[in-house]
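Coordinate analysis (summary)
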Amino acid sequence: MSERVNVKVLLLIGREAEIVADADDATTPERYPAVEIAAAVNVPEAQLPGTRLTARVGAGHRLFDWRLASDRRPSVAGGLTPTPTVEFTAPASGGLGERITDHLRTAHRLLGKRPV
């Protein structure tokens with residue numbers, strides 16, 4: 001049985017995603033086909049950077065069976081995958097900051113929740 005590990009997508013380089021262990025001391029990213037990961041977690045490729053995932057470790061220490069870290073389906077070991085904390089880093093003002101704030105307000109409105 002393979003181990004499930006926490007990882008995050010650093011960035012996309014062409015059609016490949018750079019994946020690193022979701023740990024403070026992680027340093028060496030590995031590349032995987034972005035289309036494979038995007039299809040597995042039902043997220044557009046362009047939205048993968050910054051996404052926290054879990055994956056199983058297979059032969060040659062290659063990762064497979066990608067899932068969003070907040071995916072509550074039972075894992076292979078019978079437990080549940082953890083729910084992550086979502087973090088946004090952007091300027092408080094200016095074009096990008098205002099667009100992110102607008103998107104967050106819309107998301108809260110659609111979910112029927114008030115922003116904290």
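Below is a summary of the structure that appears in this document.

Cut-offs applied
Residues numbered from 1 in each chain as written. Predicted model: local features only at pLDDT ≥ 70, side-chain atom pairs only at ≥ 80, totals over all residues. Heavy atoms only, no water. Helix = DSSP H or I, 4+ residues; strand = E, 2+ residues; numbered from the N terminus. Polar contact = N/O pair within 3.5 Å; in protein donor to acceptor, adjacent residues only side chain to side chain. Pairing = 2+ DSSP bridges. Phe/Tyr/Trp six-rings, centres within 6.5 Å; stacked < 30°, edge-to-face > 60°. Salt bridge = Lys/Arg side-chain N within 4 Å of Asp/Glu carboxyl O.

**Here we look at the side chain of Thr54**
The residue Thr54 is located in strand E4 (residues 52–57) in this model. A distance of 2.8 Å separates polar atoms of two side chains, one belonging to Thr54 and the other to Arg4.

**Quick notes on the pairing of strand E1 (residues 4–13)**
Examined bridge by bridge, E1 and E4 share 5 bridges and lie antiparallel to one another. Across the sheet, the residue bridging to Arg4 is Arg56, located in E4. In terms of strand pairing, E1 meets strand E2 (residues 16–21) through 6 bridges, oriented antiparallel. Bridging from a neighbouring strand, Leu12 pairs with Ala17 of E2. Once E1 ends, the chain turns through 2 residues before running back antiparallel as E2, passing Gly14 with a positive phi of about 65°.

**Focus: the packing of aromatic side chains**
For any pair of aromatic rings, the description consists of the separation of the ring centres together with the inter-plane angle of the planes. Taken as a whole, this structure holds 1 aromatic pair when the rule is applied. An angle of 75° between the planes, with centres 5.1 Å apart, marks the rings of Tyr32 and Trp66 as edge-to-face. Of this pair, Tyr32 sits in strand E3 (residues 30–33) while Trp66 sits in strand E5 (residues 63–68), and the two are 34 residues apart along the sequence.

**Examining the pattern of salt bridges**
In the structure shown here, the tally under the stated rule is 8 salt bridges. The partner of Arg15 in a salt bridge is Glu45, with the nearest N and O atoms 2.7 Å apart. Separated by 30 residues along the polypeptide, Arg15 in the loop between E1 and E2 and Glu45 in the loop between helix H1 (34–41) and E4 bring together distant segments of the chain. Between Glu16 and Arg31 there is a salt bridge whose closest N-O contact spans 3.8 Å. Residue Glu16 is found in strand E2, and its partner Arg31 is found in strand E3; the two are separated by 15 residues along the sequence.

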